[in-house]
Amino acid sequence: MQVSDSSSRILAGLLEARTGQQLTMSRRWRIETALSSLLRARGLSTLDELIAILVMGREPALAGQVVEALLNNETYFFRDRGPFDLLAADVLPLLAQRRQSARRLRIWSAGCSTGQEAYSLAMLFADDPMKWAGWTIDILATDVSTAAIDRARSGTYTQFEVQRGLGIQQMIRWFEEGDDGWRAAEALRRTVRFQVHNVLEMPPHPGGFDIVLCRNVLLYLSAEKRAMAFDRLASAMAPDGWLMLGAGETVIGQTRRLTADTARRGLYCLADDKQPPARAVARGG
Amino acid sequence: MKTCLIVDDSKVIRKVARHILETLEFQVEEAGDGREAMTRCEEAMPDVVLLDWNMPVMSGMEFLKLLRQRGHGDQPKVVFCTTENDMAHIRAALEAGADEYVMKPFDRETLHIKLQLVGVA
């Protein structure tokens, strides 16, 4: 199936209008794969037929299905491992001291896809029950994809998914085998709340998050929208909270509200407003 | 360079696993059943064994029990890699001394992480 430039442009426009995300080159090559099951389900043989239905606007629900199919939901448990080791060994012990009187932690997984990141976070706490006894751990996980959030909320994963990133001991401790797949234990599911939300919108309730994770999400936004997203993420953070980005992502040159935590690679803090801005905010284009 | 012994009666699986392991910079040896695997281990103990469950001559479980009975200090890590994917088999493998467990089908990322978790990658 050939994807013409005009079809790519229409799909790119639809994706950006609905989500703010760009149809980057890394997504463009997988358009065929992403939309093949939708074509099969509708008995269509070419992408152009699908585009024609979209353009005529005969089926409003179709646009939503196309957008869902184009979104990249690639994720796995403890993705890249290092950031979770950093949280477990350094950030969470520090927060345990700082929040000792309130005994509450708020964490936001922004762009959580099908939920593996959020459940990985929940496991960091569940694996150390003595340390966190009496604490309220509130993990909010959001994604722009309704389908991804539905799957995340179910907490059920295929055999292929459940072992991606998880050690076998952790897998059998926290997942139960059922007819539908491997389901996260109740203890994990009650720690995490899932919500459909776009990172470009106003931050979700309640705000004041101690840790915000937004990994491998902002790379799909234009420079202008990325600056807006950083603004939203910064607004959601506790004054002494952290933002965690994906490997290869940075705030440098993109926002004045956040600055690298030099002691913790990959983590960013709110910039001190009293300091003069070091760099200009990137302009879209 | 770390060494990995692939023990599987399927040539296709051995070929796929070899390809993945070589991209992860392992030196790879192969065996088609548990007995052949034991002979390989007696010749030169690998760092890690990627072990199928159901094989002719000697099963993966029989091999694992024999291997762990040796009691030598040069015990390799053992990662089961099998289509036996229910909880009972997983628990039995761990009790017999397996370090990790991969359920077929799997991809490069999954295997790489499992090998990292047992400390050989």
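Our subject is the structure listed above.
Draft legend 1. View of the sheet that holds strand 1 (residues 3-7) of chain B. All names here are of chain B. Read across the sheet, five strands follow the order 2-1-3-4-5 without closing on themselves; strand pairing throughout is parallel. The strands lining the two open edges of the sheet, one partner per strand, are strand 2 (27-31) and strand 5 (100-103). Strand-to-strand, the axes of this sheet are offset by a mean angle of 20°, without reference to chain direction. When strand 4 (residues 77-82) meets strand 5, the two strands line up parallel, connected through four bridges. Looking at the pairing, Phe80 lines up with Tyr101 of strand 5. Against the sheet, helix 1 (residues 11-23) engages strand 1, strand 2 and strand 3 (48-51), with an angle of about 165° to strand 2.

Draft legend 2. Summary view of the environment of Val118 of chain B. All names here are of chain B. Relative to the helices and strands, Val118 resides in the segment after helix 5 (108-117). Judged by local crowding, Val118 falls into the partly exposed class, with 18 C-beta atoms found within 10 Å. Residues Val118 and Lys104, 14 residues apart in the sequence, show an inter-C-alpha distance of 18 Å. If we ignore the near neighbours within four places in the chain, the residues touching Val118 are Val48, Lys77, Val79, Asp99 and Glu100.

Draft legend 3. Summary view of the environment of Leu267 of chain A. Residues and elements named next belong to chain A. Tracing the backbone through its elements, the reader meets Leu267 in strand 10 (residues 267-270). On a C-alpha basis, the gap between Leu267 and Leu86 in space is 9.5 Å, while along the polypeptide they are 181 residues apart. When near neighbours in sequence (up to four residues on either side) are disregarded, Leu267 contacts Trp242, Leu243, Met244 and Asp261.

Draft legend 4. How the structure looks around the interface of chain B and chain A. Each partner contributes residues to the interface: chain B has 14 residues there, and chain A has ten residues. If you list the elements that add at least two residues to the side of chain B that touches chain A, you get helix 4 (87-95), strand 5 and helix 5 of chain B. In terms of residue class, the side of chain B that touches chain A is built from nine nonpolar, two polar and three charged.

Draft legend 5. Geometry of the sheet that holds strand 1 (residues 104-110) of chain A. All names here are of chain A. As summarised here, the arrangement of the seven strands in space is 6-2-1-7-8-10-9, forming an open sheet in which the pairing is mixed. Each edge of the open sheet is held by one strand with a lone partner, namely strand 6 (192-196) and strand 9 (258-260). The average angle at which neighbouring strand axes cross in this sheet is 25°, direction not considered. With seven bridges joining them, strand 1 and strand 2 (residues 136-143) adopt parallel strand pairing. Considered in strand 2, the bridge of Arg104 is made with Thr136. Contacts from helix 7 (residues 116-126) reach strand 1, strand 2, strand 6 and strand 7 (209-214) within the one sheet, and its direction differs from that of strand 2 by about 170°. Helix-sheet contacts for helix 8 (residues 146-154) involve strand 2 and strand 6, and the interaxial angle to strand 6 is about 165°.

Draft legend 6. Up close: the packing of helix 2 (residues 34-43) of chain B against helix 3 (residues 60-69) of chain B. Residues and elements named next belong to chain B. Running from N to C, helix 2 and helix 3 cross one another at 30°; their axes reach a closest spacing of 9 Å. Taken together, the axes of helix 2 and helix 3 are roughly parallel relative to one another. Considering only the axes of helix 2 and helix 3, their crossing is right-handed. Side by side, helix 2 and helix 3 meet where Gly34, Ala37, Met38 and Cys41 of the first sit next to Gly60, Glu62, Phe63, Leu66 and Leu67 of the second.

Draft legend 7. Up close: the environment of Arg264 of chain A. Residue and element names in this part refer to chain A. By the secondary structure assignment, Arg264 is in the loop between strand 9 and strand 10. Note on Arg264: 17 C-beta atoms within 10 Å, which makes it partly exposed. Distance in space between the C-alpha atoms of Arg264 and Val91 is 8.8 Å, their sequence separation being 173 residues. Ignoring sequence-local partners within four residues, the contact set of Arg264 consists of Leu86, Asp90 and Val91.

Cut-offs and rules
- Residues numbered from 1 in each chain as written.
- Chains lettered and ligands numbered in written order.
- Predicted model: local features only at pLDDT ≥ 70, side-chain atom pairs only at ≥ 80, totals over all residues.
- Pairing = 2+ DSSP bridges.
- Helix = DSSP H or I, 4+ residues; strand = E, 2+ residues; numbered from the N terminus.
- Axes fitted to C-alpha atoms, helices over the stretch in contact; angles between N-to-C directions.
- Contact = placed C-beta atoms within 7 Å.
- Buried ≥ 20, exposed ≤ 12 C-beta atoms within 10 Å, placed from the backbone.
- Nonpolar A, V, L, I, M, F, W, Y, C, P; charged D, E, K, R; others polar.
- Parallel < 35°, antiparallel > 145°, perpendicular 65-115°, else oblique.
- Left-handed = near helix turned anticlockwise from the far one by under 90°.

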